[in-house]
Amino acid sequence: SQTIHQWPATLVQPVGSPLSLECTVEGTSNPNLYWYRQAAGRGLQLLFYSVGIGQISSEVPQNLSASRPQDRQFILSSKKLLLSDSGFYLCAWSVFGANEKLFFGSGTQLSVL
Amino acid sequence: AQSVAQPEDQVNVAEGNPLTVKCTYSVSGNPYLFWYVQYPNRGLQFLLKYITGDNLVKGSYGFEAEFNKSQTSFHLKKPSALVSDSALYFCAVRVLYGGATNKLIFGTGTLLAVQP
C-alpha cells in the first residue's frame, strides 16, 4: 500500500536561517507531488506541484523553493526564513488521472521566531 | 477564475442532529468536487468526491454530499452528528492547469463543532 512520510513534525527556526522539509512517498511510481501551506490553522494555499523529476511549478511568488531530486522525494527549502513563513506545511501526492484524489502527509508545523 | 467558497467559518450542531456544511464553486466546464476532513495538527483525509453520475455522493464515516448544478453547490451532510465528527472540513475543486490535472483548490475551511 502507498504511504507518505513527512518530517519533521515540528520545527522552530530563527529568522534568516535556512529551511529544508522533506517528503517521501512509498508504494507508487511517478506520483504528482504537492506542497501546501496552511496559515493560522485554516485555508490551504498550494505552493508548488511537480509532475516528474526536476519538474516544479510554483503557484505563488515567495521566499520558498521546491525540488524533486528523485521520483518519490519532494523537498521544500528556503535560504533565509521570514517571520511570514510560519505555518503548517502539508505534502501531498496523487496519481495522474486516477480521479484526482490527494493523499496528505501528517504535516510540519513551522514556527519562525 | 475557478474557486470554491465555504461561507461559514463554523457550524455548531448538537449530537444526534443532522448537519450540513456548505460549499459553492465556480469552475469552467464540469466540476470535480471533493470534501476533506482535518483533525487537529494532522494532514487532511479524503471523505468523498463527485466526478459524474448520481448527484448524491456517499463517503466515509457516514457523510454524504449533494451536487446541485443549478445552484453550483456541493454541501456536505450527515443525518446524525457525532461528537467525534468535530473537525475542520474543506471543500475542494479540481482545476485544469497545464498537464497536471490533479491540482485542487481548497476552500477556507469550516470548523464543525458537535456538542454532546
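Above this note sits the structure.
Everything numeric here is computed off the predicted structure, so don't read it as measured data. (Residues numbered from 1 in each chain as written. Chains lettered and ligands numbered in written order. Predicted model: local features only at pLDDT ≥ 70, side-chain atom pairs only at ≥ 80, totals over all residues. Heavy atoms only, no water.)

> Account for the overall build of chain B, naming residues and giving values.
In terms of helices and strands, chain B carries zero helices and 12 strands. Tracing chain B from N to C terminus, the helices and strands come up as β-β-β-β-β-β-β-β-β-β-β-β. For chain B, whose C-alpha radius of gyration is 14 Å, the value lies close to the compact-globule estimate of 13 Å for 116 residues. When the backbone C-alpha atoms are referred to their principal axes, chain B occupies close to 45 × 30 × 25 Å. Classification of the 116 residues of chain B by burial places 46% in the buried group. The long-range fraction of contacts in chain B, counting pairs at least 24 apart against all pairs at least 6 apart in sequence, stands at 54%. Total accessible area on chain B is roughly 5400 Å²; 50% of this is exposed by carbon and sulfur atoms. (Helix = DSSP H or I, 4+ residues; strand = E, 2+ residues; numbered from the N terminus. Rg over C-alpha atoms; globule rule 2.2 N^0.38 Å. Buried < 20%, exposed > 50% of the residue type's maximum accessible area, 1.4 Å probe, protein only. Contact = heavy atoms within 4.5 Å. Areas by Shrake-Rupley, 256 points an atom, 1.4 Å probe, with all protein chains shown as cover.)

> Describe the sheet that holds strand β8 (residues 73–78) of chain A, with residues and values.
Residue and element names in this part refer to chain A. Strand order in the open sheet formed by four strands is β1-β3-β8-β7, with antiparallel pairing between adjacent strands. Of all strands in the sheet, those with a lone pairing partner are β1 (3–7) and β7 (65–70), marking the two edges. Averaged over all pairs of adjacent strands, the angle between their axes in this sheet comes to 20°, without regard to strand direction. Bridge count between β1 and strand β3 (residues 19–26): five bridges; the pairing is antiparallel. (Pairing = 2+ DSSP bridges. Axes fitted to C-alpha atoms, helices over the stretch in contact; angles between N-to-C directions.)

> I'd like a rundown of the state of the cysteines, residues and numbers included.
By definition, a disulfide links the sulfur atoms of two cysteines through a covalent bond. The tally for this structure, following the rule as stated, stands at two disulfides over all chains. The disulfide partner of Cys-23 of chain A is Cys-91 of chain A, and the gap between their sulfur atoms is 1.9 Å. Looking along the S-S bond of the Cys-23 of chain A-Cys-91 of chain A disulfide, the torsion reads about -75°, which is the left-handed sense. With Cys-23 of chain A in strand β3 and Cys-91 of chain A in strand β9 (residues 87–94), this residue pair connects regions lying 68 residues apart in the sequence. With relative accessibility at 0%, the residue Cys-23 of chain A sits in the buried group. Residue Cys-91 of chain A is classed as buried on the basis of its relative accessible area, which comes to 0%. Bridging Cys-23 of chain B to Cys-91 of chain B, the disulfide has an S-S length of 1.9 Å. The sign of the S-S torsion, about -65°, decides the handedness of the disulfide formed by Cys-23 of chain B and Cys-91 of chain B: left-handed. Highlighted residues: Cys-23 of chain B in the loop between β3 (19–21) and β4 (24–26) and Cys-91 of chain B in strand β10 (residues 87–95), separated in sequence by 68 residues. As far as the burial class goes, Cys-23 of chain B and Cys-91 of chain B line up, both buried. (Disulfide = S-S within 2.5 Å.)

> Can you lay out the side chain of Gln-13 of chain A for me, pointing to particular residues and giving the numbers?
Residues and elements named next belong to chain A. Residue position: Gln-13 is located in strand β2 (residues 10–13). For Gln-13, a relative accessible area of 19% translates into the label buried. Here Ser-17 takes part through its side chain, which lies 3.3 Å from a polar atom of the side chain of Gln-13. Leaving out residues up to four positions away in the same chain, Gln-13 has contacts with Pro-18, Leu-81, Leu-110, Ser-111, Val-112 and Leu-113. (Polar contact = N/O pair within 3.5 Å; in protein donor to acceptor, adjacent residues only side chain to side chain.)

> Can you tell me about unusual backbone geometry, naming the residues and giving the values?
The omega torsion across Trp-7 of chain A and Pro-8 of chain A is 0°, close enough to zero to call that bond cis. Its location among the elements puts Pro-8 of chain A in the loop between β1 and β2. The phi dihedral of Tyr-61 of chain B is positive, around 55°, even though this residue is not glycine. Mapped onto the fold, Tyr-61 of chain B is located in the loop between β7 (56–58) and β8 (64–68). Of the residues examined, Tyr-61 of chain B reaches a relative accessible area of 49% and is grouped as partly exposed. Residues other than glycine seldom take positive phi values, yet Thr-72 of chain B does so here, at roughly 45°. You can see Thr-72 of chain B is positioned in the loop between β8 and β9 (73–78).

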